[in-house]
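Reading the structure
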Amino acid sequence: MHLLRLSLPVMFGYLPLGMAFGVLFVTELGLDWYWAVAFSLIVFAGSAQFLSVGLIANHAGLFEVFVAVFLLNSRHIFYGLTLLSSLKLKGWRKAYMVFALTDETFSLITGLPKESGLQQQDYWRLAGINQSYWVFGTLIGALLGAQLTLPDLGLEIVLPALFVVLAVEQYRTHRAAGLMVIAGLIGLMAMWLWQDQMLLLSISSALILMLINYVRQRWTSHSI
Amino acid sequence: MDQSLYLVGFILFAALATVATRAMPFLFLAKHRHHPILDYLGRYLPPVLMMLLVVYAVSDLPMANQQWSISVGSLIVVAVTQWLSKNALLSIALGSVIYMILI
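Positions within a chain are numbered from 1, following the residues in the order the chain's sequence is written. Key to labels: chains lettered from A, ligands numbered from 1, both in the order written. Residues qualify for local features only when their pLDDT is at least 70, as the model is predicted, and side-chain atom pairs are given and counted only at 80 or more; totals for whole chains, interfaces and linings, by contrast, use all residues. Excluded from the side-chain calculation are hydrogens and water; included are all heavy atoms of the structure.

1. Some details on the layout of surface pockets
Looking at the largest pocket, its volume works out to about 860 Å³. Lining the largest pocket are 34 residues, with A:Gly13, A:Leu17, A:Glu156, A:Leu159 and B:Asp60 sitting closest to its centre. Secondary structure elements are taken from DSSP: a helix is a run of H or I of four residues or more, a strand is a run of E of two residues or more, and numbering for both begins at the N terminus. Listing elements by their share of the lining of the largest pocket, those giving two or more residues are helix 1 (2–29), helix 3 (46–57), helix 7 (103–111) and helix 9 (158–174) of chain A together with helix 2 (36–58) of chain B. Of all the elements, helix 1 of chain A adds the most residues to the lining of the largest pocket, at six residues. With a 1 Å grid laid over protein atoms only, a set of points is called a cavity when a 1.4 Å probe fits there but cannot get out and a pocket when it is open yet has protein on both sides within 12 Å along at least five of seven lines; lining residues have an atom within 4 Å of a point. Grid points are joined across faces, edges and corners, and a volume is the space filled by probe spheres set on the points.

Structure representation (structure tokens):
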């Protein structure tokens, strides 16, 4: 119950987005519903799945598919990097956790404060709950397909709001105001320079700056 | 049949590419898990990533005309509510309702 409550904001994001993917997939491609569901079960990467609709329509080569999806998802490398020293899960639980490490799941497991009582053993369950929202949304969207027009409630606000909440919690924990302001500026600049690859550009720039800062700190602390 | 084969291959390659990005650090950097630089990144990368995700997600919201003030305003309500209440659902619900009414 506790985990369901924590994952509720993700549900409001994933259900409509999964439905949108399902609808788009069957209407654009004219394929059976189960192909859409297979994508959400096996690929499970939001933006890459939307891109896939275009790639399938163009009958893209599989190597091209690999490169495009890899580049689009390359920000996930940094999520793994972050969890490397802290993730204690073993075996298939760890394997599933890594497989299902989306933006939202990563944000939840690294962003929730201690008081939320989230344990390592809950991580993969939370990932599973989140994926089930995504798969369920896809299933509904793909089954209803063309007959469905999603009501425009303004649900697009929910995921940004979730990220804002998690950013506030990150600030509460680390008090790294300067770092976060700089990150925000880097984000805006990347948005302005290269909107299509904003996350990749901004994450790699931020990472390079952090590495320089780390080396600089080590250097000064050693020389004193 | 031909089409099915293509789709199976497609799903396989897309899944492999996705898993590759998510698993790469675990496969290649696991030995260096306790290196101080990874501790540093593990601690400070999440707040940085979270800010970048905020900017990324905000850019999907309507910004034309005066809509940006509604988008940004509701998110400020979310941030302030969260800071004061520490209740994620309350903050998200309050900001979302304001957004949905005004937009």
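2. What to know about the packing of aromatic side chains
Residue and element names in this part refer to chain A. Stacked, tilted and edge-to-face are the three classes assigned to paired rings of Phe, Tyr and Trp, where Trp is represented by its six-membered ring and a pair needs centres within 6.5 Å; plane angles under 30 degrees give stacked, over 60 edge-to-face, the rest tilted. In this structure the tally under the stated criterion is 18 aromatic pairs over all chains. Plain terms: the ring middles of Tyr34 and Trp35 are 5.9 Å apart, the flat faces sit at 45° to each other, and that makes the pair tilted. The class for Tyr34 is partly exposed, based on a relative accessible area of 41%. Summarising the aromatic geometry, the rings of Phe66 and Phe70 are spaced 6.2 Å apart at their centres and angled 15° between planes, so their arrangement reads as stacked. With Phe66 and Phe70 both in helix 4 (residues 62–72) and four residues apart, the pair spans about one turn of that helix. Look at Phe66 and you get partly exposed, because its relative accessible area is 26%. Think of it in three bands: residues with accessible area under 20% of the maximum for their type are buried, residues over 50% are exposed, and the middle band is partly exposed, with areas taken using a 1.4 Å probe on protein chains only.

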